Amino acid sequence: MADDELPDVDPLTLRVVKAIADEGSLTAAAAALGYSQSALSQHVRRVEVRLGVPLVERAGRRLRLTEAGRILARHATAVTTALDAAAGELAELQGLRAGRVRLAAFPSASPTVLPRLIQTLRDRHPGLSLTYVEAEPPEAVQLVRDDKVDLALTFSYPGDLGDPHRRSARGLATRRVGADDVLAVLPEGHDQARREAVDIGELSAESWIAGCPRCRGHLEQVCRTAGFDPAIAFETDNFVAVEGLVAMGIGVALLPRLAIDSFPVLAGVVVRPTTNSDARTMHLVSAQGAARVPAVAATVRALQESLAG
């Protein structure tokens with residue numbers, strides 16, 4: 001390559017380098033891309049000759065990217081997303097007959113939102129393939145950034161200092177797609193259980209059962225706003241266990257509606273809204289431009305309907 005010529009980097013090379021970065025080996029990258037290991041190895045060698053720099057190197061038994069390879073991998077997500085969007089818009093002219101969307105969402109969405117989403121997509125776009133992974137918001141945002149998923153359904157609480165949609169989502173597209181009420185969970189015989197809405201301040205003397213770390217942080221914030229620090233007796237991110245402990249009279253709790261809707265409310269438990277109309281916000285996170293891909297856009301529309309339902 002002459003000194004005054006720019007390097008010739010093609011889209012396939014970007015996909016190959018990114019797959020090597022994601023998978024950690026040529027064999028795994030080849031499987032992910034649908035190529036043979038030998039074909040991918042030959043492609044890498046041809047590109048290295050053409051560019052005049054090595055893209056991969058051995059580190060013991062493991063293959064890793066060189067500095068040049070890491071540069072290409074760093075730009076690969078933005079470029080391949082744009083190419084997928086362009087290809088998708090062309091495909092839209094022929095109708096959405098195929099496509100693949102990778103989704104991540106928080107645990108309480110799995111038994112509630114996901115089944116409705118799958119059914120809607122099957123009815124409207126039977127050629128669209130959806131894959132799913134369960135992940136809490138910080139991990140789900142990172143999966144989008146690493147191009148491991150196309151969409152992440154996440155949540156945040158008002159005033160949440162650990163909100164994953166601030167620093168970690170910079171450069172990504174984030175949209176608000178709904179709210180999920182946070183409800184008080186009380187033993188059946190509790191004084192507040194007879195009321196239409198629970199005043200958190202009236203629960204200052206209670207023992208509390210906290211949920212996931214983000215939910216615990218929100219519980220502490222809500223209680224402090226009401227004028228007290230909650231006495232947390234147990235912590236578990238198992239929603240059924242929370243209700244079981246409440247049913248036994250061990251404590252009270254706050255749970256999002258999606259978590260409560262994940263299974264029938266246990267006997268001996270009463271669920272009530274709070275007087276402060278507490279709720280968490282739900283977001284969709286994706287790479288910039290991903291919504292222009294028809295398969296992704298169709299999934300976003302179906303997901304918004306599933307959340308509304």
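For the structure given in this document, a descriptive report is provided here. Numbers given for residues are sequential positions, taken from 1 along each chain in its written order. Where local features are concerned, this predicted model is filtered to residues with pLDDT of at least 70; where side-chain atom pairs are given and counted, the filter is 80 or more; whole-chain, interface and lining totals use all residues. The side-chain numbers reported here are obtained from all heavy atoms of the structure, hydrogens and water having been left aside.

As a further point, take the side chain of Q192. Helix numbers and strand numbers start at the N terminus; a helix is a DSSP run of H or I with at least 4 residues, a strand a run of E with at least 2. Here Q192 lies in the loop between β6 (172-187) and β7 (207-210). Whether two residues are in contact is decided by their heavy atoms: any pair within 4.5 Å suffices. For Q192, the contacting residues outside a window of four places in its chain are L186, A197, V198, D199, E202 and L203.

What follows covers the packing of helix α1 (residues 11-23) against helix α3 (residues 37-51). Between α1 and α3, whose axes approach to 11 Å, the crossing angle comes to 115 degrees. Considering the relative orientation of α1 and α3, their crossing is left-handed. Contacts from L12, T13, V16 and I20 of α1 reach α3 at L40, H43, V44, V47 and R50. Gly is placed with the polar residues, together with every amino acid not listed as nonpolar (Ala, Val, Leu, Ile, Met, Phe, Trp, Tyr, Cys and Pro) or charged (Asp, Glu, Lys and Arg). Of the residues that constitute the contact of α1 with α3, the class distribution is 6 nonpolar, 2 polar and 1 charged. Note on method: axes are straight lines fitted to C-alpha atoms, helices fitted across the in-contact stretch only, with angles between N-to-C directions ranging 0 to 180 degrees. The handedness criterion is simple: a crossing whose near helix is rotated anticlockwise from the far helix by less than a right angle is left-handed, and one whose near helix is rotated clockwise is right-handed.

Relative to the helices and strands, L55 resides in the loop between α3 and β1 (56-59). Between the C-alpha atom of L55 and that of P264, which follows or precedes it by 209 residues, the distance is 54 Å. Other than its neighbours up to four places away in sequence, L55 contacts T13, V17, V47, E48, R64, L65, T66, A68, G69 and L72.

Closest axis-to-axis distance for the helix α2 (residues 26-33)/α3 pair is 8 Å, and the angle between their directions is 105 degrees. It follows that α2 is roughly perpendicular to α3 by the angle criterion. For the pair α2 and α3, the contacting residues are L26, T27, A29, A30 and L33 in the first and Q37, L40, S41 and V44 in the second. Looking at the contact of α2 with α3, its residues break down into 6 nonpolar, 3 polar and no charged. Throughout this description, any angle smaller than 35 degrees is read as roughly parallel, any larger than 145 degrees as roughly antiparallel, any in the 65 to 115 degree range as roughly perpendicular, and the remainder as oblique.

Next up on the list: unusual backbone geometry. The residue D147 is not glycine, and still its phi comes out positive at about 60 degrees. One can find D147 in the loop between α6 (137-145) and β5 (151-156). Judged by its relative accessible area of 16%, D147 falls in the buried class. At S277, a position not held by glycine, the phi torsion is positive, near 50 degrees. As for its position among the elements, S277 is in the loop between β10 (269-272) and β11 (279-287). Accessible area is worked out with a 1.4 Å probe on protein chains only. A residue is then buried under 20% of its type maximum, exposed over 50%, and partly exposed in between. For S277, a relative accessible area of 61% translates into the label exposed.

What follows concerns the packing of aromatic side chains. Only rings of Phe, Tyr and Trp enter the pairing, Trp through its six-membered ring, and a pair is recorded when the two centres are within 6.5 Å. The plane angle decides the type: under 30 degrees is stacked, over 60 is edge-to-face, the rest tilted. If you walk through the whole model with that rule in mind, you get 2 aromatic pairs. Plain terms: the ring middles of F106 and F155 are 5.2 Å apart, the flat faces sit at 90 degrees to each other, and that makes the pair edge-to-face. Of this pair, F106 sits in the loop between β3 (99-105) and α5 (113-124) while F155 sits in strand β5, and the two are 49 residues apart along the sequence. Residue classification places F155 among the buried residues on the basis of a relative accessible area of 1%. Between F155 and Y157, the ring centres sit 5.7 Å apart and the planes meet at 75 degrees, which makes this aromatic pair edge-to-face. The burial state of F155 is the same as that of Y157; both residues are buried. The structure contains a cluster of three or more aromatic residues connected by ring pairs, namely F106, F155 and Y157. One Lys or Arg, R280, reaches over the ring of F155 and ends 4.3 Å from the middle of that ring. Whether a charge sits over a ring comes down to the Lys NZ or Arg CZ being within 6 Å of the ring centre and within 35 degrees of the ring normal.

For the purposes of this analysis, a disulfide is any pair of cysteine sulfur atoms at a distance within 2.5 Å. According to the stated counting rule, one finds 0 disulfides in the structure shown. For C223, which is in no disulfide, the shortest distance to another cysteine sulfur is to C215 and amounts to 13 Å.

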